[in-house]
Amino acid sequence: MNVKEIPLEKLNAEQYIADQVKSLKQTVGSGLAVNALSGGVDSSVVTMIGHRALGARLKTFFIANGIMREGEPEYIVKVFKKLNVKVELVHAENEFFAALKGLTDPEEKREAITQTFYKKVFGRLVKESGAKYLLQGTNWTDVEETVAGVKRQHNILAQLGIDTQAVFGYKVLEPVLQLRKTGIRMVGKALGLPEEIYARPPFPGPALAARVIGEVTRERVEVVRKATTIVEQELKGSGAFQYLAILHNDKVTGMRNGKRDFGQQIEVRCWESKDAITATVTRLPFEKLEKLAQRITTEVPGVVSVTYNVTAKPPSTIEAI
Ligand code: XMP
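Below, the discussion takes up the overall build of the protein chain. Summing up its helical and strand segments, the protein chain has 11 helices and 10 strands in all. Taking 321 residues into account, the globule formula puts the C-alpha radius of gyration at 20 Å, and the protein chain, at 20 Å, falls close to it. Burial analysis of the protein chain (321 residues in total) assigns 55% to the buried set. Of the roughly 14,900 Å² of accessible surface on the protein chain, 52% is carried by carbon and sulfur atoms. Counting 45 positive and 37 negative side-chain charges, the protein chain places the centres of these two groups 3 Å from one another.

With that out of the way, let us pick up helix α10 (residues 218-235). The terminal C-alpha atoms of α10, which comprises 18 residues, lie 25 Å apart, in line with the 26 Å expected from a rise of 1.5 Å per residue. Every buried residue belonging to α10 is among R220, V221, V223, V224, R225, A227, T228, I230, V231, E234 and L235, and all of these are buried.

A few words now on the nonpolar core. Formed by 86 residues in total, the largest nonpolar core has its most connected members in V45, I63, F80, F122, V187, I266 and I296. Broken down by element, this core gets its largest block of residues, eight residues, from helix α5 (residues 106-129). Those residues in contact with F122 that sit more than four places away from it in its chain are V34, N35, A36, F61, I63, F117, L134 and Y170. Counting residues in hydrophobic clusters, the runner-up holds seven residues, among them L244, I246, A279 and I318.

Right, let's talk about the packing of aromatic side chains for a bit. Scanning all chains against the criterion turns up five aromatic pairs. Here the aromatic rings of F117 and Y118 are separated by 4.9 Å at their centres, their planes lie at 75 degrees, and the arrangement is edge-to-face. What makes F117 buried here is its relative accessible area of 15%. Centroid distance F117 to F122: 5.1 Å. Interplanar angle 50 degrees. Geometry classified as tilted. Residue classification places F122 among the buried positions, given a relative accessible area of 0%. Among the aromatic residues, those joined into a cluster by ring pairs are F61, F117, Y118, F122, F168 and Y170. The ring of F203 carries R69 above its face, with NZ or CZ at 3.8 Å from the centroid.

Residues of strand β1 (residues 33-36) alternate between two faces, with A33 and N35 on one and V34 and A36 on the opposite face, all of them buried. Once you follow β1 into helix α2 (residues 41-54) and on to strand β2 (residues 58-64), the crossover reads as right-handed. For β1 and strand β4 (residues 133-135), the ladder comprises three bridges, and the chain directions are parallel. Each residue of the ladder has a partner; that of A33, found in β4, is Y133.

Moving on, we come to the pattern of salt bridges. Taken as a whole, this structure holds 18 salt bridges when the rule is applied. One salt bridge in this structure joins R200 and E72, with 2.7 Å as the shortest N-O distance. Of this pair, R200 sits in the loop between α9 (195-198) and α10 while E72 is found in helix α3 (residues 72-82), placing the two residues 128 residues apart along the sequence. Across the pair, exposure class does not vary: R200 and E72 are buried alike. Across the salt bridge formed by E222 and K226, the nearest N and O atoms sit 3.5 Å from each other. Here E222 pairs with K226, and both are found in helix α10, just four residues apart, close to one helical turn. Given the relative accessible area of 34%, K226 is considered partly exposed.

Here is what the cut-offs are and how they apply
- Residues numbered from 1 in each chain as written.
- Predicted model: local features only at pLDDT ≥ 70, side-chain atom pairs only at ≥ 80, totals over all residues.
- Heavy atoms only, no water.
- Helix = DSSP H or I, 4+ residues; strand = E, 2+ residues; numbered from the N terminus.
- Rg over C-alpha atoms; globule rule 2.2 N^0.38 Å.
- Buried < 20%, exposed > 50% of the residue type's maximum accessible area, 1.4 Å probe, protein only.
- Areas by Shrake-Rupley, 256 points an atom, 1.4 Å probe, with all protein chains shown as cover.
- Lys, Arg positive; Asp, Glu negative; His and termini not counted.
- Charge placed at Lys NZ, Arg CZ, Asp CG, Glu CD.
- Expected span 1.5 Å × (residues − 1).
- Core = buried A, V, L, I, M, F, W, Y, C linked by side-chain atoms within 4.5 Å.
- Contact = heavy atoms within 4.5 Å.
- Phe/Tyr/Trp six-rings, centres within 6.5 Å; stacked < 30°, edge-to-face > 60°.
- Lys NZ or Arg CZ within 6 Å of the ring centre and 35° of its normal.
- Right-handed = clockwise from strand over helix to strand, strands pointing away.
- Pairing = 2+ DSSP bridges.
- Salt bridge = Lys/Arg side-chain N within 4 Å of Asp/Glu carboxyl O.

Okay, structure coming up:
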C-alpha cells in the first residue's frame, strides 16, 4: 500500500478537505459516483466531501438493511436534508436477512453482509445509475484491523487484493482512508456537519449484526435493537468512546411472577478508547448499571439477564462478532 496514515498532529482539516475534493474531481472527472450513507461519522464525512467535489454528480443512498438502529434511516435523511444533501432510501431488508439465514460463524456473517452490500445492492444501484465509482468511509483503523487478521471489516476490499472493478463492476474511492476517528471528527466539524453527527460514537458497518451472537434473524435483531435504544439513552452523557448491547445465543433460567422464565441474555459494553485499537472498560456507577439491567429486563420482551463486560481490548474486541 503506498498511502500513509496522517497522524493527528499533522492534520490540517481545511487542507485535507481541499486535497480530497481536488483528488475526487480529478478521478471522477465528468462521470458519476454513488455513495452509501450509514449515518456514522465516516460515511457522513465522505458524503459531505463528495458533494463538495461532485455536487449532483454524486448520488447518495441510505441502505435500509434491517439491521440498523431504531428510527435511524428517517433520522439521517432528515439531518442531511437540512444540509441540502438529498439521500435516497433503498429498502433491501429482505436481501440482507435472506443472506444471513442460517449463518452463525462471525466471519461468514460479515462476508454475507459484504457480498449483499457490494455485489447485490450496490452492483444494482451502480448499474442503474451509470456510475463508475463508489465512495466509502474506510478509515485507517479498519485497514489495520483487517490486515492484522483481527476482523474482516466489511469495507476492506482493495487492501485485501479484491479488484472491485472486476468483482463488482465499479471502483471504490476512500476519501478518509488516511485518518482515524478523531481526525475524521475534526474534518467533519470543518465541513459544517452538526455536532450530533461528527461527535457520534462509532457504529460498525455490519450494524446490529455485529452484536447478535448466533443467527441474525428479524426477531433477534429486534431484541438487540430495543436494548440498544435503552443503552444509548442511558449512556449518552457518559462521555465514553462507545457503548452497546449484545444479544447472547444461550438462554438462561430466570423468573417472572414467581414462575420459571427461560429467557434471553443481553450483555452491555461501554468503552474508553482513543482509536478503537485498544480499549478499557468505563467504570460506570453501579446505580447506572442497575438501572440498565432494570430497564432492559422490563422493556425488552424475553430478556431475563443483563451482564456488564469488564474485559479490556485486547483480548476482547469492541463488537461481539
Ligand atoms: P472491534 O470490534 O474490531 O471494532 O474492536 C473496532 C471499531 O471498529 C468498529 N467496527 C467496524 N467498523 N466496519 C466498520 O466500519 C466493520 O466491519 C466494523 N466492525 C467493527 C467498531 O464499532 C469499533 O469502533
